[in-house]
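Working through the structure, step by step
So the chains spell out like this:
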Amino acid sequence: MKQQWKVIYSRIKFEYLIVGLYLIIGGLWILFSDRMAANLTDNEELLTRIQTYKGWFYVLMTGISLFILLKIYLEKLRKAEVKAIENDQLKSAFLQNISHEMRTPMNAIIGFTEIMMQSEESEANKHYYLEVIHKSTQQLLGVVNDVVDISMIETGIVVQNKDKVELNLLMDDIYKSYLPEMKENIQLSLKKGQPGKFIYLMTDEIKLKRVLTNLLNNALKYTHKGQIEYGYRLKDHKVEFFVKDTGIGIAKELHSTIFERFKQAEIELARRTGGTGLGLSICKGLMDILGGDIWVESEPHVGSTFYFSLPAKVENEAVAVKKSVS
Ligand code: ADP
């Protein structure tokens, strides 16, 4: 509401300014042009003709100025209309996507629990059904978490904690949790900027982990064979993290839009691979909160590298380590 008033106030101010300028310039023009004309000649007939031309000149200038202003306003309106339509389409696509993303695991949970309730199944089968149910609930929780996170980021109610994070330990923990998830033909590797040292970073551990896991999940989702490598390096008072894959890659013109809400690089592809289109916008939102940057370098059919950097409030031990290494 406060924001709206600010916009209205600035608009009114702009319109008053234009009208004020118009009146001042018009008044000055009438005043000085009359004096100039009177200085030029005493001939009454010539003076009347000059007054007429002056009047026409003023009308012409007013017309041109009005035309330019109207054109600028109409273009602004048209742009706002296109953006509103695009947002509307994106929201509908998002709702369709999200209901699909929720229904699929829900159906699996309902279906498999019904089978388990009705029939006498072997222990092995029951175990398999339970695995499917467990995976589906996790998938469902992921969707709910994404929606809750993005709405919290958008409403600005996310607080930043300051934890003392040991980078190498965090990287190792993530490695251990992702290793069992790897497909057969994908190799996971971890590249630490300062291996074997204690590198402490003062940041929000949960948010940092969330960004890393979102990027690793995407790497896994969009890579069918090859390598996924992730890690960090210390660079100019910053820690630069990366997640690199040899997956399908992303066309250059989409490199910035994929960080926007609801955008999925290729809708068709999204339908096949699933996903809400919120993962990267959550990463971008979290980076804004943590005071960092996130960007991508990618080539279709070659692979993608997602980078994000955080201000390195690295503790003394790490600075000492850094000095002794360099
Ligand atoms: P989701 O993965 O749920 O669709 P994201 O916000 O995480 O949403 O990603 C947005 C889009 O960016 C994806 O739909 C996909 O097209 C593209 N993308 C993200 N990560 C990768 C990656 N590692 N390789 C190729 N494309 C990717």
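The following paragraphs examine the structure supplied in this document.

Some thoughts on the overall build of the chain
Scanning the chain from N- to C-terminus turns up 8 helices and 7 strands. By sequence separation, contacts in the chain at least 24 residues apart represent 73% of the contacts at least 6 residues apart. When the accessible surface of the chain is summed, it comes to about 21,600 Å², and 61% of that surface belongs to carbon and sulfur atoms.

A few points about helix 5 (residues 205–221)
For helix 5, spanning 17 residues, the distance from its first C-alpha to its last is 24 Å, which sits close to the expected 24 Å at 1.5 Å a residue. Looking only at helix 5, the buried set comprises Lys207, Leu208, Arg210, Val211, Leu212, Asn214, Leu215, Leu216, Asn218, Ala219 and Leu220. Residue Asp204 occupies the N-cap position of helix 5, its side-chain oxygen lying 3.3 Å from the main-chain nitrogen of Ile206.

Structural notes on a nonpolar patch on the surface
A surface patch of nonpolar side chains, about 660 Å² in accessible area, is lined by Phe57, Leu60, Met61, Ile64, Phe67, Ile68 and Ile72. Mapped onto the elements of the fold, Ile72 is located in helix 2 (residues 44–118).

Here we look at the sheet that holds strand 2 (residues 186–191)
As summarised here, the arrangement of the 5 strands in space is 2-4-5-7-6, forming an open sheet in which the pairing is mixed. One side of each edge strand has no neighbouring strand; the edge strands of this open sheet are strand 2 and strand 6 (293–299). Strand-to-strand twist across the sheet, computed as the mean angle between neighbouring axes with direction ignored, equals 10 degrees. Here strand 2 runs beside strand 4 (residues 226–235); their pairing, made up of 6 bridges, is parallel. Following the sheet pairing, Leu188 is matched in strand 4 by Ile228. Sitting on the sheet, helix 5 is in contact with strand 4, strand 5 (238–245), strand 6 and strand 7 (303–311), with an inclination near 20 degrees to strand 5. Strands strand 6 and strand 7 of the sheet are contacted by helix 7 (residues 279–290), whose axis makes an angle of about 20 degrees with strand 7.

Examining unusual backbone geometry
Glycine aside, negative phi is the norm for most residues, and most peptide bonds take the trans geometry. Non-glycine residue Asp236 carries a positive phi angle of around 45 degrees. Here Asp236 is to be found in the loop between strand 4 and strand 5. Given a relative accessible area of 61%, Asp236 falls into the exposed group. Positioned with a positive phi, His301 is a non-glycine residue whose angle comes to about 65 degrees. Structurally, the position occupied by His301 is in the loop between strand 6 and strand 7. Note on His301: relative accessible area 75%, which makes it exposed.

Quick notes on the pattern of salt bridges
When the charged atoms of two side chains lie near each other, side chains of opposite charge can form a pair. Taken as a whole and assessed by the stated rule, the structure comprises 10 salt bridges. Asp146 is the partner of Arg210 in a salt bridge, and the nearest nitrogen-oxygen pair spans 3.0 Å. Here the residue Arg210 occupies a position in helix 5, and Asp146 occupies one in helix 3 (residues 123–155), the gap between them amounting to 64 residues. Owing to a relative accessible area of 18%, Arg210 belongs among the buried residues under this scheme. Relative accessible area serves as the criterion here: at 12%, Asp146 is assigned to the buried category. For Glu240, the salt bridge identified is with Lys235, shortest N-O distance 3.4 Å. Residue class for Glu240 comes out buried when judged on its relative accessible area of 8%.

Notes on the nonpolar core
Formed by 47 residues in total, the largest nonpolar core has its most connected members in Leu215, Phe241 and Phe308. Sort the elements by how many residues they give to this core and helix 5 lands first, with 7 residues. Looking at this core, you find at least three residues from each of domain 1 (1–157) and domain 2 (163–317). Contact partners of Phe308, with chain neighbours within four places excluded, come to Leu208, Val211, Leu212, Leu215, Val239, Glu240, Phe241, Met287, Asp293, Ile294 and Trp295.

What about the packing of aromatic side chains?
For the structure on display, the rule yields 10 aromatic pairs. Put simply, the rings of Phe112, Tyr128 and Tyr129 touch in pairs and so form one group of aromatic residues. Across from the ring centre of Tyr73, 5.9 Å away, lies the NZ or CZ of Lys76, which sits over that ring.

Some words on helix 4 (residues 167–178)
Counted at 1.5 Å a residue, the expected span for helix 4 with its 12 residues is 16 Å, and the 17 Å between its end C-alpha atoms agrees. The inward-facing, buried residues of helix 4 contact strand 1 (163–166), strand 2, strand 3 (200–203), helix 5, strand 4 and strand 5. With a side-chain oxygen lying 3.3 Å from the backbone nitrogen of Asn168, the N-terminal cap of helix 4 falls on Glu166.

Conventions and cut-offs
Residues numbered from 1 in each chain as written. Predicted model: local features only at pLDDT ≥ 70, side-chain atom pairs only at ≥ 80, totals over all residues. Heavy atoms only, no water. Helix = DSSP H or I, 4+ residues; strand = E, 2+ residues; numbered from the N terminus. Contact = heavy atoms within 4.5 Å. Areas by Shrake-Rupley, 256 points an atom, 1.4 Å probe, with all protein chains shown as cover. Expected span 1.5 Å × (residues − 1). Buried < 20%, exposed > 50% of the residue type's maximum accessible area, 1.4 Å probe, protein only. Polar contact = N/O pair within 3.5 Å; in protein donor to acceptor, adjacent residues only side chain to side chain. Patch = residues over 30% accessible without salt bridge, like charges linked within 9 Å, V, L, I, M, F, W, Y side chains within 5 Å. Salt bridge = Lys/Arg side-chain N within 4 Å of Asp/Glu carboxyl O. Pairing = 2+ DSSP bridges. Axes fitted to C-alpha atoms, helices over the stretch in contact; angles between N-to-C directions. Core = buried A, V, L, I, M, F, W, Y, C linked by side-chain atoms within 4.5 Å. Domains from an automatic or database assignment. Phe/Tyr/Trp six-rings, centres within 6.5 Å; stacked < 30°, edge-to-face > 60°. Lys NZ or Arg CZ within 6 Å of the ring centre and 35° of its normal.

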